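Reading the structure
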Amino acid sequence: DLPSRNRPKWISKAVTYRIISYTRDLPRVTVDHLVAKALNMWSKEIPLSFRRVVLGIPDIVIGFARGAHGDFYPFDGPGGTLAHAYEPGPGLGGDAHFDEDERWADGRGLGINFLAVATHELGHSLGLRHSSDPDSVMYPTYGARDSENFKLSPGDIREIQELYGKRSKS
Ligand SMILES: CC(C)C[C@H](CS(C)(=N)=N)C(=O)N[C@H]1Cc2cn(c3ccccc23)CCCCCCNC1=O
Ligand SMILES: [Ca+2]
Ligand SMILES: [Zn+2]
Ligand SMILES: [Zn+2]
């Protein structure tokens, strides 16, 4: 694994994102809100901000799809892989795709906690790899978490700051 100083990362201080498709399982405003919440979990630790765009080509495209959906990683139906995301870069770089064949939930009802999965995927979109710490958001397998006190682990914060530096408190 490359030392963090030359792993792919976003150079611009304001990274743009656009949500191009939604899931039937949740209201659109809920998806918008949870994506913003997941992005903010990371951005509050680093000197980088996210700006939502509703037109044009953003850095990070976010969407839901099932099965084959135009890249080399078709989804696999209910269960199995829940989502995937690409490391920082042009084109597909940074994009996060969620498997529409899952039952997505907002952390209260049954189903996959969208906030937890979105935070994991956007960690990949920022350039993070998997962690062997089961408390880490970047652990390779989904663990049901109550979204009330869902937060980054100390290791997650250390990893993202190693890549982007700390956000100065001033
Ligand atoms: C960490 C996630 C948010 C994102 C990752 C995908 S990624 C690319 N973004 N790292 C993910 O989906 N991991 C699978 C891994 C996985 C677990 N199993 C599998 C059975 C088949 C295929 C994959 C899996 C066993 C059965 C449980 C299946 C449901 C839960 N699935 C997972 O945890
Ligand atoms: Ca799946
Ligand atoms: Zn995809
Ligand atoms: Zn992952």
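Conventions and cut-offs
Residues numbered from 1 in each chain as written. Chains lettered and ligands numbered in written order. Predicted model: local features only at pLDDT ≥ 70, side-chain atom pairs only at ≥ 80, totals over all residues. Heavy atoms only, no water. Helix = DSSP H or I, 4+ residues; strand = E, 2+ residues; numbered from the N terminus. Buried < 20%, exposed > 50% of the residue type's maximum accessible area, 1.4 Å probe, protein only. Contact = heavy atoms within 4.5 Å. Donors = N, O, S within 2.8 Å, 3.2 Å for Na, K, Ca; no water. Tetrahedral: all angles 85-135°; square planar, octahedral: opposite > 155°, others 65-115°. Salt bridge = Lys/Arg side-chain N within 4 Å of Asp/Glu carboxyl O. Near = heavy atom within 4 Å. Polar contact = N/O pair within 3.5 Å; in protein donor to acceptor, adjacent residues only side chain to side chain. Areas by Shrake-Rupley, 256 points an atom, 1.4 Å probe, with all protein chains shown as cover. Pairing = 2+ DSSP bridges. Right-handed = clockwise from strand over helix to strand, strands pointing away.

Among the secondary structure elements, M138 is positioned in the loop between α2 (114-126) and α3 (154-164). A relative accessible area of 2% places M138 in the buried class. The spacing of M138 and H120 is 18 residues in sequence and 5.5 Å in space, taken between C-alpha atoms. M138 has contacts with W42, H120, G123, H124, L128, R129, H130, S131 and D156, leaving out every residue within four places of it along the chain.

This paragraph deals with the coordination of the zinc ion (ligand 4). Distances from the zinc ion (ligand 4) to its protein donors, H120 (NE2), H124 (NE2) and H130 (NE2), fall within 2.0 Å. In this structure, the zinc ion (ligand 4) is coordinated by four donor atoms arranged in tetrahedral fashion, with angles at the metal of 97 to 126°. Motif for the zinc ion (ligand 4), donor spacing along one chain: H-x3-H-x5-H. Residue classification places H124 among the buried positions, given a relative accessible area of 15%.

Let's shift gears to the coordination of the zinc ion (ligand 3). Distances from the zinc ion (ligand 3) to its protein donors, H69 (NE2), D71 (OD), H84 (NE2) and H97 (ND1), fall within 2.0 to 2.1 Å. Considering all four donor atoms around the zinc ion (ligand 3), the spread of angles at the metal, 100 to 114°, places the coordination shape in the tetrahedral class. Site description for the zinc ion (ligand 3): donor spacing in sequence, H-x1-D-x12-H-x12-H. With D71 in the loop between β3 (60-65) and β4 (83-85) and H97 in strand β5 (residues 96-99), the pair connects residues that are 26 residues apart, well separated along the chain. Note on accessibility: D71 and H97 belong to one class, buried.

A separate point is the pattern of salt bridges. Side chains that differ in charge, positive against negative, can pair when their charged atoms come close. Summed over all chains, the structure comprises six salt bridges. Between D106 and R108 there is a salt bridge, with its nearest N and O atoms 3.1 Å apart. In this structure D106 comes out as partly exposed when scored by relative accessible area, which is 24%.

Taken together, 14 residues sit near ligand 1, with G80, L82, E121, H130 and Y142 positioned nearest. Between ligand 1 and L82, the relevant distance is 2.8 Å, taken from an oxygen atom to a main-chain nitrogen or oxygen of the residue. Between ligand 1 and P140, the relevant distance is 3.2 Å, taken from a nitrogen atom to a main-chain nitrogen or oxygen of the residue. Coverage of ligand 1 by the protein chains reaches 61% of its 680 Å² of free accessible surface.

Here E159 lies in helix α3. In this structure E159 comes out as partly exposed when scored by relative accessible area, which is 34%. Along the primary structure E159 and G63 are separated by 96 residues, whereas in three dimensions their C-alpha atoms are 26 Å apart.

In the sheet, strand β1 (residues 14-19) pairs with strand β2 (residues 49-52) via four bridges, with the strands oriented parallel. Within β2, the position partnered with V15 by the bridge is F50. In this fold, the crossover linking β1 to β2 by way of helix α1 (residues 28-43) has right-handed handedness. Pairing geometry for β1 and β3, over three bridges, is parallel. Following the sheet pairing, I19 is matched in β3 by I62.

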